[in-house]
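Listed below are the residues making up each chain.
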Amino acid sequence: MIAWESKAAKPYLLMAPVVAVIAVCFLLPILNVLFLSFTEPTVSLHNYARIFSVPLYLRVLANTFKNAALVTVICLVLAYPLAYTLVRRGPVIAGILLAAVAIPFWTGFLVRTFSWLVIFGAEGPVAGVMRWAGFEPPRMLFTTFAALWGMTHILLPYMVMALYGVMKRINMQQIKAAESLGATPVIAFWRVFVPQSLPGVINGCVLVFTMCLGFYVTPVLLGTPTDMMIAQLIGQQVQELLAWGFAAALSVMLMICTFAILAIYDRFFGLQRLWG
Amino acid sequence: MTTPYIELTNVVRSYDGRTRAVDGINLSVAKGEFITFLGPSGSGKTTTLMMLAGFEEPDSGGIMLAGNDITHVRSWKRNIGVVFQNYALFPHMTVRKNVAFPLEMRKVDAATIGSKTTEALALVGLTDFAERYPTQLSGGQQQRVALARGLVFEPDVLLLDEPLGALDKNLREHMQVELKRIHREVGITMIYVTHDQSEAMTMSDRVVVFRGGKIEQVGKPIELYDRPKTRFVAEFIGDSNILDLSSVNQHEGWVEHQSIGRIKVQHFNPSPSTEPRYLLVRPEELVTLPDGVEPPDNSFTIEIGTIIHYGNESVMIGSIPGTDVSLRVRVSARAGRDLPDRGLIRVGWSATNGYVV
Ligand SMILES: Nc1ncnc2c1ncn2[C@@H]1O[C@H](COP(=O)(O)OP(=O)(O)OP(=O)(O)O)[C@@H](O)[C@H]1O
Ligand SMILES: [Mg+2]
């Protein structure tokens, strides 16, 4: 009996280090944030009430969702044809394209963000080309456009990978079969390929959207305070106003939103599918 | 043959521009025929089928179907059904939706789609599985869905590329019978690819033997078996004894083998394509000759080498002492068990049972 028990306990013991790390590095800070949000500066729900009573903060929340949705849609529109090309083309072209997607993916996103600072700068190459062509370049840096551009650039590989993972499992002979049954290539694509790629679309969108919700560095560096997202607001509250309690409440809000999205996803598709 | 329904003329197809996957194929198929493409791996069967289906275009040559030139017609505009080896069912649609797909593409009205789909599912015995998804079916059942889907829109031709290749032996035999029944009931022209020669023999009206992108021979199964035009066909179809001949005298009815001498033969290939020529004797035409039995036209003493027991019959392989000639002799299962493991035995065959390729 005892032997059996210890046997069953062993696998859990193996998990102990991971559990410890997660508890210390992840759960404790979260609990701390939760605690702060209800207790700082006084024990009350005041911090939460403030989010919903000040229009500015609601606007930031709405803005966050709007920007995340925009980035998600742009990523999808860009990634879908790319992933489709990856699965339809021969291994050589697919390999080159995959590398083109993956190499920036391995470059730190801070580096990639800074590179846009240079490229979009007033003296940068884009402005240079525009002047050369005879335009006065518009202001590109520190705009919503630049923030969306930067986030799209950083999150695009996630979308491509999510789509590619699902698409490469689709048997292309089905397309031939559909054509032999009277479907034009366009109809075969829409009726046979697209429906089977939907799990990848949903995965990619959830991944990009949730990552976008909490995005900090890129919108701060490339975007404008007038188009603030929630992570930026949190940073501002902490760094400039030292409003720890309110920042914590905002963080909890962000976390709840993210969890809600993942919970809905889990309810319909199963969370384990998110990781391929 | 009556007027050809399908006609391939000098069809050539190369994938890399150098080697020809299909190298000048001429073939006529009559309406309602069951034609099998048989040949070793890489001989061009699938490529030919894909050109019929419209997935590949010939580099040169033409394909006619029912009097129309379809050489460059896109696949979705041809009225040709295809059944793939891996079935290629649509996993996100139910069985019924899969079968209805070609009818939807043809903008058939809903009521007709309903009745035709039901009919097609009944034809393949899947009435009770209509609402399942393909992944919830066995391999054999998936194969039937693919068949129903390929037949439901009454195509001019049904092409099948090794459709039974993934099934186990029993199921395969069962599906062979089913396919023949469906062929009889529907009366559709079928072109069937396999590299299983027994499958080709049992199912086909005519068999087309492919080799290296060319057609080696076309004929009824029994013709290919009894009167192969080349050594390749003789060896590829059925079990065989093949002897290299040093000279042939058709006039006097004999041939000569370098080490075993003259052999009497009655049947000669009227238009031989190979030189040197070969004598074909099927293992079942050889008989063992107990002492005192009058020998047939040709008889030899052989030394028993191996006996292979298949259960229902046996094959004895022996060699003629002092030569490099070995012969395969088919005997009944009982006789096979009674044969000694080694030793000499007399075997022979009559002149009518040999064929000079
Ligand atoms: N898509 C392709 N690209 C390049 N070469 C090909 C392609 N498909 C077939 N081939 C080549 O063409 C030749 C004929 O191939 P095919 O598939 O027609 O043979 P098959 O008779 O169907 O063989 P199997 O019995 O193995 O299916 C082979 O040498 C093959 O390597
Ligand atoms: Mg093939």
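Keep in mind that this is a model prediction, so the values were computed, not measured.

The rules behind each value
Residue positions are given per chain, counting from 1 as you read along its sequence in written order. Chain A is the first chain written and ligand 1 is the first ligand written, with later ones labelled in order. Whole-chain, interface and lining totals are the exception, using all residues; otherwise, since this is a predicted model, local features are given only for residues with pLDDT of at least 70 and side-chain atom pairs are given and counted only at 80 or more. Excluded from the side-chain calculations are hydrogens and water; all other atoms, namely the structure's heavy atoms, are used. Helix and strand labels come from DSSP, where a helix needs a run of H or I of at least four residues and a strand needs a run of E of at least two; each type is numbered from the N terminus. For the exposure calls, accessible area comes from a 1.4 Å probe over protein chains only, and a residue counts as buried if that area is under 20% of its type's maximum, exposed if over 50%, partly exposed in between. Throughout, a residue-residue contact means that at least one pair of heavy atoms, one from each residue, lies within 4.5 Å. Note on areas: Shrake-Rupley with a 1.4 Å probe; residue coverage comes only from the protein chains shown. Working convention for charge: Lys and Arg count positive, Asp and Glu count negative, and His plus the chain ends are omitted. For this purpose, a charge sits on NZ of Lys, CZ of Arg, CG of Asp or CD of Glu. In this description, strands pair whenever DSSP reports at least two bridges between them. To get an axis, fit a line to the C-alpha atoms, keeping to the stretch in contact for a helix; angles then go from 0 to 180 degrees between the N-to-C directions. Only protein atoms enter the 1 Å grid, on which a cavity is a set of points fitting a 1.4 Å probe that cannot get out and a pocket is an open set with protein on both sides within 12 Å along at least 5 of 7 lines, lining residues being those with an atom within 4 Å of a point. Grid points are joined across faces, edges and corners, and a volume is the space filled by probe spheres set on the points. Each residue gets one of three labels, nonpolar for Ala, Val, Leu, Ile, Met, Phe, Trp, Tyr, Cys and Pro, charged for Asp, Glu, Lys and Arg, and polar for the others, Gly among them. An automatic or database domain assignment is the source of the domain bounds shown. Once two parts are put together, the accessible area they lose, assessed with a 1.4 Å probe and summed over both, is termed the buried area. Here, a salt bridge means any Lys or Arg side-chain nitrogen found within 4 Å of an Asp or Glu carboxyl oxygen. Pairing of N or O atoms within 3.5 Å defines a polar contact, subject to two protein rules: one partner must be a possible hydrogen donor and the other a possible acceptor, and residues neighboring in sequence count only if both atoms are side-chain atoms. Residues qualify for a patch when their relative accessible area is over 30% and they have no salt bridge, like charges being joined within 9 Å and the nonpolar side chains of Val, Leu, Ile, Met, Phe, Trp and Tyr within 5 Å. Nearness of a residue to a molecule or strand requires only that one of the residue's heavy atoms be within 4 Å of it.

Caption draft 1: A look at the overall build of chain B. Across its full length, chain B carries nine helices and 22 strands. Dimensions of chain B along its principal axes, counting C-alpha atoms only, are 75 × 45 × 35 Å. Out of the 357 residues belonging to chain B, those deemed buried represent 51%. Considering only intrachain contacts with a sequence separation of at least 6, the fraction spanning at least 24 residues in chain B is 65%. Carbon and sulfur atoms form 47% of the exposed surface of chain B, whose accessible area is close to 16,200 Å². For chain B, the separation between the mean place of its 38 positive charges and that of its 43 negative charges on side chains is 4 Å.

Caption draft 2: Geometry of the sheet that holds strand β8 (residues 189-194) of chain B. Residue and element names in this part refer to chain B. Pairing in this open sheet of six strands is mixed, and the strands run β6-β7-β8-β3-β9-β10 from one edge to the other. Either end of the sheet is taken by a strand with one partner, and the two such strands are β6 (80-83) and β10 (214-219). For this sheet the average axis-to-axis angle between neighbouring strands, irrespective of direction, equals 20 degrees. Packed on one face of the sheet, helix α1 (residues 45-53) meets β3 (34-38), β6, β7 (157-161), β8 and β9 (206-211) and runs near 150 degrees to β7.

Caption draft 3: View of the side chain of serine 197 of chain A. Residues and elements named next belong to chain A. Considering the arrangement of structural elements, one finds serine 197 in helix α9 (residues 185-213). Taking relative accessible area as the criterion, serine 197 reaches 1% and is therefore assigned buried. Discounting chain neighbours no more than four positions away, the residues touching serine 197 are Tyr80, Val166, Met167 and Ile170.

Caption draft 4: Spatial organisation of empty space enclosed by the protein. All names here are of chain A. Across all of its chains, the model carries one cavity of 30 Å³ or more by this definition. In this model, the largest cavity occupies a volume close to 40 Å³. Around the largest cavity sit Asn67, Thr144, Ala147, Pro219, Gly223, Thr224, Asp227, Met229 and Gln232, which together line it. Taken together, the residues that form the lining of the largest cavity break down as three nonpolar, five polar and one charged.

Caption draft 5: Here's a closer look at the domain arrangement of chain B. Residues and elements named next belong to chain B. One can read the domain layout of chain B as domain 1 (6-227) and domain 2 (239-356). Put simply, the middle of domain 1 and the middle of domain 2, counted by C-alpha atoms, are 39 Å apart. Carbon and sulfur atoms supply 42% of the area buried between domain 1 and domain 2, which totals about 440 Å² over both sides. The three residues of domain 1 that bury the most area against domain 2 are Tyr225, Asp226 and Arg227, which together make up 96% of that side's buried surface. The interface formed by domain 1 and domain 2 contains zero salt bridges. The residue makeup of the side of domain 1 that touches domain 2, split by class, is two nonpolar, no polar and two charged.

Caption draft 6: Quick peek at the sheet that holds strand β20 (residues 326-332) of chain B. All names here are of chain B. One open sheet accounts for five strands, arranged β17-β21-β18-β19-β20; its pairing is antiparallel. Strand pairing shows two members of the sheet lacking a second neighbour, β17 (287-288) and β20, which therefore form its edges. Sheet topology places strand β18 (residues 298-309) next to strand β21 (residues 344-349); six bridges connect them, and they run antiparallel. Paired with glutamate 303 across the strands is leucine 344, a residue of β21.

Caption draft 7: View of the interface of chain A and chain B. Each partner contributes residues to the interface: chain A has 18 residues there, and chain B has 21 residues. At the boundary of chain A with chain B, total buried surface from both sides reaches about 1,800 Å², with 65% on carbon and sulfur atoms. Three residues, Ser180, Leu181 and Arg191 of chain A, lead the burial of chain A against chain B; their summed loss comes to 38% of the area buried on that side. The tally of links between chain A and chain B comes to one salt bridge. The partner of glutamate 104 of chain B in a salt bridge is arginine 191 of chain A, with the nearest N and O atoms 3.0 Å apart. Connecting chain A to chain B are six residue pairs in polar contact (both at pLDDT 80 or more). For the side of chain A that touches chain B, the secondary-structure elements that each account for two or more residues are α8 (173-180) and α9 of chain A. Among the elements that line the side of chain A that touches chain B, the one with the most residues is α8 of chain A, at seven residues. Of the residues contributing to the side of chain A that touches chain B, the split by class is eight nonpolar, seven polar and three charged.

Caption draft 8: Quick peek at the side chain of glutamine 217 of chain B. Residues and elements named next belong to chain B. Positionally, glutamine 217 belongs in strand β10. A polar contact of 3.3 Å, which involves the side chain of glutamine 217, links it to the backbone oxygen of arginine 227. Those residues in contact with glutamine 217 that lie beyond four places of it in its chain are Val207, Val208, Val209, Leu224, Arg227, Pro228, Lys229, Thr230 and Val233.

Caption draft 9: A look at the layout of surface pockets. Residues and elements named next belong to chain A. By volume, the largest pocket is sized at about 350 Å³. Around the largest pocket sit 15 residues that line it, and Val33, Ile234, Ala247, Ala248 and Ser251 are the ones nearest its centre. Within the residue set of the lining of the largest pocket, elements represented by two or more residues are α1 (2-39), α11 (230-239) and α12 (244-269). Broken down by element, the residue count for the lining of the largest pocket peaks at six residues, all from α12. Residues belonging to the lining of the largest pocket are distributed by class as follows: 12 nonpolar, three polar and no charged. Lining the lining of the largest pocket are residues from two domains, each supplying at least three of them: domain 1 (1-39) and domain 2 (55-273).

Caption draft 10: Seen up close, a nonpolar patch on the surface. On the surface, Val18, Ile22, Phe26 and Leu27 of chain A cluster together into a nonpolar patch covering about 380 Å² of accessible area. Along the polypeptide, valine 18 of chain A turns up in helix α1.

Caption draft 11: Here's a closer look at the domain arrangement of chain A. Residue and element names in this part refer to chain A. The domain boundaries assigned to chain A delineate domain 1 (1-39) and domain 2 (55-273). The centre of domain 1, based on its C-alpha atoms, is set 33 Å off from the matching centre of domain 2. Of the residues lining the interface, five residues belong to domain 1; the matching set on domain 2 comes to six residues. Together domain 1 and domain 2 conceal approximately 430 Å² of surface at their shared face, both sides included; 90% is due to carbon and sulfur atoms. The largest contributions to the domain 1 side of the interface with domain 2 come from Val33, Leu36 and Ser37, which together make up 70% of the buried area. The interface formed by domain 1 and domain 2 holds zero residue pairs in polar contact (both at pLDDT 80 or more) in total. Residues belonging to the side of domain 1 that touches domain 2 are distributed by class as follows: four nonpolar, one polar and no charged.

Caption draft 12: Inspection of the site of ligand 1 at higher detail. Residues and elements named next belong to chain B. Neighbouring ligand 1 are Tyr15, Ala21, Pro40, Ser41, Gly42, Ser43, Gly44, Lys45, Thr46, Thr47, Glu162 and His195. Contacts to ligand 1 include serine 41, whose side-chain N or O atom sits 2.5 Å from an oxygen atom. Taking histidine 195, its side chain carries an N or O atom lying 3.2 Å from an oxygen atom of ligand 1. Contact with the protein chains removes 57% of the 630 Å² of surface that ligand 1 exposes when unbound. Per-element accounting of the shell around ligand 1 gives the leading share, three residues, to α1. Looking at side-chain class alone, the shell around ligand 1 contains three nonpolar, seven polar and two charged residues.

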